[in-house]
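# Coordinates in review
Below are the chains, spelled out letter by letter.
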Amino acid sequence: MRLSLIAGCALLAACSPGGGNTKQQADMTTGAAVQGKPFSFPASATAPFTVTRYGSFDNPFSLTFLPDGSALVTEKPGALKWWHPDGSVADVAGVPKVAYGGQGGLLDIALAPDFATSRTVYLTYAEPRPNGRSLALAKATLPQGGKPVLSDLNVIWRAGSDGDGGQFGGVIAFAPDGRTLFLSTGERMRKTPAQDPDQAIGKIIHLTLDGKPAPDNPMVAQGGMRADIWTLGHRNPYGLAFDKAGNLWEIEMGPKGGDELNLILKGKNYGWPVVSNGDNYDGSPIPDHDTHPQFEAPKLWWNPSISPAGLVIYSGRDFPQWDGSALMGALSGQALVRVALNGTQAAKADRWDMGARIRDVAQAPDGSIWLLQDGDDAGMLKLTPKQKP
Ligand SMILES: [Ca+2]
């Protein structure tokens, strides 16, 4: 116990020179958060950044910055928090009722491409339904000032396939032209529906900004759920982001091993649950991707699992050496992972131990990188380069 405390302090000293006063360090060793007061947080000593923790959130899922440097944080139990750089955190009212539990609840929030003028936000959540739960996509308006309350809330799309099971996915990415959106849907721990073109679970969905099928979808002429589908055969996708060249990247959790980074290509099938580079939880094997070349293979995979969650393609000034890299959080891996992208190729580059489950990654308007912890006392972690760029 004493040894580990000393090791922790040594790590802190190594990682955060001059960072944090005695009280703040004491807070860190107990894991307790001080609302609004930043304190130092350990990362692996080899990391090129120091870490400062802000705020305390209850089982958050998504962190999204606004153009003014404030940020929205969703909490799975159903609260939407509006964090401001002065440390204040407001509760945003008008959030739809969510069905919280087992990976479900209030999930992603994303700013519309025209947010600066429209103040439109998109939300995903597990919606209570008569026969269980469904993933819902809604849009709403966030006020500029005054009382923080969402208005004009409209559910514009539902995954259907209501019922039991977590793993909703629910991550939103807007197309580079700002005219359509992509949405990841998990297979709800039901496996085979990921291959069913008549179910919108275990898919990447492609919609207009009003929730209609995008006109260039591969099965748009067939109508029904098929019209909404862009790609099939996904398991538990918790990250979706475009790079500067317009390539769409996705991360998803495999079963026991086999977490994936995929390049998302129109109409392709990514194989779950027929193939995976991981195994079933009971240890029984699943055929690897290379046994079924008709399925699109992941660009990278992880064995054992890291449980990837949250994906950004970095483009800021704080870490110029990461320009164009994919940054992802890891839940069970308790890490920040960097993948170097070169066109449509990807290579594992860095993995920094964060000593905490990382739920999401976000880039602020000033180019700084922020991580969101997981769990019932989760902070926002700002990364500051040890060496000024
Ligand atoms: Ca796959």
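Cut-offs and rules
Residues numbered from 1 in each chain as written. Predicted model: local features only at pLDDT ≥ 70, side-chain atom pairs only at ≥ 80, totals over all residues. Heavy atoms only, no water. Domains from an automatic or database assignment. Contact = heavy atoms within 4.5 Å. Salt bridge = Lys/Arg side-chain N within 4 Å of Asp/Glu carboxyl O. Polar contact = N/O pair within 3.5 Å; in protein donor to acceptor, adjacent residues only side chain to side chain. Helix = DSSP H or I, 4+ residues; strand = E, 2+ residues; numbered from the N terminus. Nonpolar A, V, L, I, M, F, W, Y, C, P; charged D, E, K, R; others polar. Donors = N, O, S within 2.8 Å, 3.2 Å for Na, K, Ca; no water. Buried < 20%, exposed > 50% of the residue type's maximum accessible area, 1.4 Å probe, protein only. UniProt positions renumbered as here; feature names shortened; annotations may be inferred.

### Some points on the domain arrangement of the chain
What the domain assignment lists for the chain is domain 1 (22-57 + 306-389) and domain 2 (93-303). Taking only C-alpha atoms into account, the centre of domain 1 sits 24 Å from that of domain 2. Across the boundary between the two partners, domain 1 contributes 22 residues, which contact 20 residues of domain 2. For the interface between domain 1 and domain 2, the tally reads one salt bridge. Measuring nitrogen to oxygen at the nearest pair gives 3.3 Å for the salt bridge that ties aspartate 323 to lysine 244. If you look at where domain 1 meets domain 2, you find six residue pairs in polar contact (both at pLDDT 80 or more). Residue assignment for the side of domain 1 that touches domain 2 shows that the elements contributing at least two residues are strand E19 (308-313), strand E21 (335-342) and strand E22 (345-353). Considering each element in turn, the side of domain 1 that touches domain 2 owes the most residues, six residues, to E19. In terms of residue class, the side of domain 1 that touches domain 2 is made up of 13 nonpolar, six polar and three charged.

### Examining the coordination of the calcium ion
Donor atoms from the polypeptide that coordinate the calcium ion comprise Glu260 (OE), Glu260 (OE), Tyr270 (O) and His289 (NE2), at 2.4 to 2.7 Å from the metal. The motif formed by the donor residues of the calcium ion, counted along the single chain, is E-x9-Y-x18-H. Here glutamate 260, found in strand E17 (residues 259-264), pairs with tyrosine 270, found in the loop between E17 and strand E18 (300-302); they are 10 residues apart in sequence, far enough to count as distant. For the pair glutamate 260 and tyrosine 270, a shared accessibility class is recorded, and that class is buried.

### Let's talk about the UniProt feature "domain: Glucose/Sorbosone dehydrogenase" (unreviewed entry) in the chain
Under the feature "domain: Glucose/Sorbosone dehydrogenase" (unreviewed entry), the UniProt entry names residues 57-381. Regarding residues 57-381, the helix share stands at 1% and the strand share at 43%, and the terminal C-alpha atoms are separated by 12 Å.

### Quick look at the pattern of salt bridges
Inspection of every chain in the model, using the stated rule, returns 12 salt bridges. Arginine 359 serves as the salt-bridge partner of aspartate 374, at 3.1 Å between the closest nitrogen and oxygen. Pair noted here: aspartate 374 is in the loop between strand E24 (369-373) and strand E25 (378-385) and arginine 359 is in strand E23 (residues 358-363), with a separation of 15 residues, a long-range link. By relative accessible area, aspartate 374 is classed as buried at 17%. By relative accessible area, which is 6% here, arginine 359 ends up buried. Among the ionic contacts, a cluster of salt bridges with common partners joins Glu127, Arg129, Arg158 and Asp162.

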